[in-house]
Amino acid sequence: MFVEIITPDKKLFSGEAKSVKLPGTDGSFGVLKNHAPIISSLKKGVVKVTDEKQVVQDFEIKGGIVEVLKNKVVVLAE
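Residues numbered from 1 in each chain as written. Predicted model: local features only at pLDDT ≥ 70, side-chain atom pairs only at ≥ 80, totals over all residues. Heavy atoms only, no water.

A. Structural detail: the side chain of Glu4. You can see Glu4 is positioned in strand β1 (residues 2-6). Overall, the relative accessible area of 12% leaves Glu4 in the buried class. Leaving out residues up to four positions away in the same chain, Glu4 has contacts with Lys11, Phe13, Ser14, Lys72, Val73, Val74 and Val75. (Helix = DSSP H or I, 4+ residues; strand = E, 2+ residues; numbered from the N terminus. Buried < 20%, exposed > 50% of the residue type's maximum accessible area, 1.4 Å probe, protein only. Contact = heavy atoms within 4.5 Å.)

B. Region of the structure containing the pairing of strand β9 (residues 72-77). Strand direction decides the pairing type here: β1 and β9, joined by five bridges, are parallel. Within β9, the position partnered with Val3 by the bridge is Val73. Where strand β8 (residues 64-69) lies against β9, six bridges are found, and the strand directions are antiparallel. Paired with Leu69 across the strands is Lys72, a residue of β9. (Pairing = 2+ DSSP bridges.)

C. Just the environment of Pro23, in detail. Summarising the element assignment, Pro23 is placed in strand β3 (residues 19-24). Once the C-alpha coordinates of Pro23 and Glu52 are considered, the two residues, 29 residues apart in sequence, prove to be 21 Å apart. For Pro23, the residues in contact, after removing those within four places along its chain, are Ser28, Leu42, Lys43, Lys44, Gly45, Val46, Val47 and Ile61.

D. Seen up close, the packing of aromatic side chains. Applying the stated rule across the entire model yields one aromatic pair. Centre to centre, the rings of Phe13 and Phe59 are 5.7 Å apart; their planes meet at 55°, and the pair counts as tilted. Note that Phe13 is positioned in strand β2 (residues 11-16) and Phe59 in strand β7 (residues 56-61), a separation of 46 residues in sequence. Take Phe13: its relative accessible area is 11%, and that puts it in the buried class. (Phe/Tyr/Trp six-rings, centres within 6.5 Å; stacked < 30°, edge-to-face > 60°.)

E. Region of the structure containing the pattern of salt bridges. Counted under the stated rule, the structure contains three salt bridges. In this structure, Lys72 and Glu4 form a salt bridge, with 3.9 Å as the shortest nitrogen-oxygen distance. With Lys72 in strand β9 and Glu4 in strand β1, this residue pair connects regions lying 68 residues apart in the sequence. Here Lys72 falls in the partly exposed class, since its relative accessible area comes to 37%. (Salt bridge = Lys/Arg side-chain N within 4 Å of Asp/Glu carboxyl O.)

F. Region of the structure containing unusual backbone geometry. One non-glycine residue, Gln54, adopts positive backbone phi at about 70°. Here Asn71, not a glycine, exhibits a phi torsion of approximately 60°, which is positive. When you line up the elements, Asn71 lands in the loop between β8 and β9. Asn71 sits in the partly exposed class, given a relative accessible area of 24%.

As far as function goes, none of this settles anything; it's purely spatial.
Shown next as structure tokens:
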């Protein structure tokens, strides 16, 4: 699936990923390929992106929103 993490200043990540773990306001949750469409608010925490080679990248955010639709994950973060 394709993942983008965007802040007001710059794009932190853009590329393919196997999974994404997000700090939702009601608890953390994960997204895999073919996940149901969802829009959720995010709290301060770490977004973990795992690629096909099992390499994990962490991105610290102060909050934001995420949209998952048709194997595309877009995180608008502060």
